[in-house]
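Chain by chain, the residues run as shown.
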Amino acid sequence: MIWSEVETYSREKIEEIQLERLKETVNRVYNKVEPYRKKMDEMGVKPEDIKSLKDLAKLPFVTKQDLRDNYPFGLFAVDKDKLVRIHASSGTTGKPTVVGYTQGDLETWTECVSRIACMGGATSKDVAQICFGYGMFTGALGLHYGLENIGATIVPSSTGNSEKQIMYMQDFETSLLVATPSYALRLAEVARSMGIDPKKDLKVKIGLVGSELLTEAMREEMHKYWGEDMLVTSNYGMSELMGPGVSGECEYLDGMHINEDFFIPEIINSETGEVLPAGEKGELVITCIKKEGLPLIRYRTKDITRLIYEPCKCGRTFVRMENLSGRSDDMLKIRGVNVFPSQIEEVILSFSELGPHYEIIVEREGYNDKLTVKVELNVETDSFSELERIANSVKNKLRIILGLDAKVSLVSPNTLQRFEGKAKRVKDLRGKQ
């Protein structure tokens, strides 16, 4: 089901809407947000210089650091009394990033999430269990209002108490699960420990997963636990831009459709800032063209992807972003080699003897970097030769994919930490030694 007619507009009509909204947003931001005005003045650009979508490249970038430097409300385009909701990041690496919403922003947010929910197969007949943490995190409330808007029944179970989550799934006949990929796997694991087969004993047929990178290997792992007929779609967003609802996959699983009447995407070279041609892979930059409270322009997401303009079989005409390759700030530089955690995950999940839970540890010994991958076994064996065979096979495949050697440490099932929210799988200890 396609939620809005706008999703099928011609490219010409979409760009007409984008340009009109971009001009209005740039003009408003220049006049109402002093840090933006200062950045634009330093680059010698005025609102009247934006005459086409290509002129977007004349405008300065905005980063998470700008939000922190202007904490809490310095980048807002409305007075505080116009806000009806405030969210914020955890702030574990410094000042939290604060985002605010007017009533109009909440309506836009609900519209965007309603679209991506429909893309992912949700209907008014679904019972949707939301296993994101409610609170300052935008994920839970974003999906909540979007799904509720299309008529789905909401079970706002949040995270934790996994046994009770399974009870709710049974008793309420949950058909749609909202969670991170790692927590969805954890719930299936808990269900099995309770003697419940998620494939046969539960009615979950749709997974709207987000907040973590969903690799194709992880999607297959979801199918192993929840059933091959489960439609698992990834959706994308971040608090700074709005929350979930920036883009989402449809049933054809060929990239995430971006809500282009609300967001303009660009792909840039992370090092030079140069805008790359359509189809090339690089860092995703997003401009918000309908937000009232915090209308970010050319926000550097640090997510690595590419844009797909070819028509989709579903009938939607919005550009799609390829499922993320990783984040530029998640990339590990090990002995001169660029390594993304997603590459390691793909290797791990290609072995049936291994489970989906792993940990990546980077240490420094003398002047050399040392990479260790801890991963749980999915089989029971006491045979040293068999364990050695598995470890060597994984090590050899990692060498082929990464171009460097890694130590592979096999651990018993249920040994590594489980995560209810976003999984933290990388421990880079080089700066702590």
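Residues numbered from 1 in each chain as written. Predicted model: local features only at pLDDT ≥ 70, side-chain atom pairs only at ≥ 80, totals over all residues. Heavy atoms only, no water.

### A short note on the sheet that holds strand S19 (residues 368–377)
Taken together, four strands build an open sheet; the order of strands is S20-S19-S18-S21 and the sheet is mixed. Strand pairing shows two members of the sheet lacking a second neighbour, strand S20 (407–411) and strand S21 (426–428), which therefore form its edges. With direction set aside, neighbouring strand axes in the sheet form an average angle of 15°. Bridge analysis of strand S18 (residues 354–365) against S21 gives three bridges, and the strand direction is parallel. Considered in S21, the bridge of Ile-360 is made with Val-426. Sheet strands in contact with helix H11 (residues 384–402) are S18, S19 and S20, and its direction is about 140° off that of S20. (Pairing = 2+ DSSP bridges. Helix = DSSP H or I, 4+ residues; strand = E, 2+ residues; numbered from the N terminus. Axes fitted to C-alpha atoms, helices over the stretch in contact; angles between N-to-C directions. Contact = heavy atoms within 4.5 Å.)

### A word on the side chain of Glu-266
Looking at where Glu-266 falls in the secondary structure, it is placed in strand S10 (residues 263–268). A distance of 3.0 Å separates polar atoms of two side chains, one belonging to Glu-266 and the other to Arg-298. Excluding residues that lie within four positions of it along the chain, Glu-266 makes contacts with Leu-56, Val-275, Glu-283, Leu-284, Val-285 and Arg-298. (Polar contact = N/O pair within 3.5 Å; in protein donor to acceptor, adjacent residues only side chain to side chain.)

### Observations concerning the nonpolar core
Counting 70 residues, the largest nonpolar core has Leu-143, Leu-147, Phe-263 and Leu-296 as its most contacted members. It is helix H4 (residues 103–119) that provides the largest number of residues to this core, a total of eight residues. Excluding residues that lie within four positions of it along the chain, Leu-147 makes contacts with Ala-117, Ala-122, Ala-128, Ile-130, Ala-152, Ile-154, Leu-176, Val-178 and Leu-208. (Core = buried A, V, L, I, M, F, W, Y, C linked by side-chain atoms within 4.5 Å. Buried < 20%, exposed > 50% of the residue type's maximum accessible area, 1.4 Å probe, protein only.)

### Side note on the packing of aromatic side chains
If you walk through the whole model with that rule in mind, you get four aromatic pairs. Taken together, a centroid distance of 4.8 Å and an interplanar angle of 10° make the contact between Tyr-101 and Trp-109 stacked. The class of Tyr-101 is buried, set by a relative accessible area of 1%. Looking at Trp-109, the relative accessible area reads 4%, which means it is buried. Ring plane angle 90° and centroid distance 5.5 Å describe the contact between Phe-132 and Phe-137, whose orientation is recorded as edge-to-face. The side chain of Arg-300 reaches across the aromatic face of Phe-61, ending 5.4 Å from its centre. Lying over the aromatic face of Tyr-358, Arg-425 brings its terminal NZ or CZ to 4.6 Å of the ring centre. (Phe/Tyr/Trp six-rings, centres within 6.5 Å; stacked < 30°, edge-to-face > 60°. Lys NZ or Arg CZ within 6 Å of the ring centre and 35° of its normal.)

### Re the pairing of strand S8 (residues 243–249)
Counting buried residues in S8 gives seven out of seven residues, a clear majority hidden from the surface. Examined bridge by bridge, strand S7 (residues 231–238) and S8 share four bridges and lie antiparallel to one another. Counterpart to Asn-235 in the pairing with S8 is Gly-248. Pairing of S8 with strand S9 (residues 256–258) involves three bridges; the strand directions are antiparallel. Note that in S9 the partner of Glu-249 across the bridge is Met-256. Counting the residues in the hairpin turn of S8 and S9 gives six residues, including Leu-253, whose phi is positive at 55°.

### Thoughts on the pattern of salt bridges
For the structure on display, the rule yields 31 salt bridges. For Lys-427, the salt bridge identified is with Glu-359, shortest N-O distance 3.6 Å. You can see Lys-427 sitting in strand S21 and its partner Glu-359 sitting in strand S18, a full 68 residues away along the chain. What makes Glu-359 buried here is its relative accessible area of 15%. Taking the shortest distance from any N to any O, the salt bridge between Asp-369 and Arg-364 comes out at 2.9 Å. A residue is classified by how much of its surface remains accessible, and Arg-364, at 38% relative accessible area, is partly exposed. Among the ionic contacts, a cluster of salt bridges with common partners joins Arg-186, Glu-189, Glu-376 and Arg-418. (Salt bridge = Lys/Arg side-chain N within 4 Å of Asp/Glu carboxyl O.)

### Let's talk about the environment of Met-40
Tracing the chain through its elements places Met-40 in helix H2 (residues 34–43). Residues Met-40 and Lys-58, 18 residues apart in the sequence, show an inter-C-alpha distance of 9.0 Å.

### Observations regarding the environment of Val-62
On the secondary structure map, Val-62 appears in the loop between H2 and helix H3 (64–69). For the pair Val-62 and Ile-297, spaced 235 residues apart in sequence, the C-alpha separation works out to 6.6 Å. Ignoring sequence-local partners within four residues, the contact set of Val-62 consists of Tyr-36, Leu-75, Leu-296, Ile-297, Arg-298, Tyr-299 and Arg-300.

### Describing helix H1 (residues 11–32)
Taking 1.5 Å as the rise per residue, H1 with 22 residues should run 32 Å; its terminal C-alpha atoms sit 31 Å apart, in good agreement. All of the buried residues along H1 are Ile-14, Ile-17, Gln-18, Leu-19, Leu-22, Thr-25, Val-26, Arg-28, Val-29 and Tyr-30. Buried residues along H1 sit against H2, S10 and strand S11 (282–288). (Expected span 1.5 Å × (residues − 1).)

Honestly, it's all geometry; don't read function into it.
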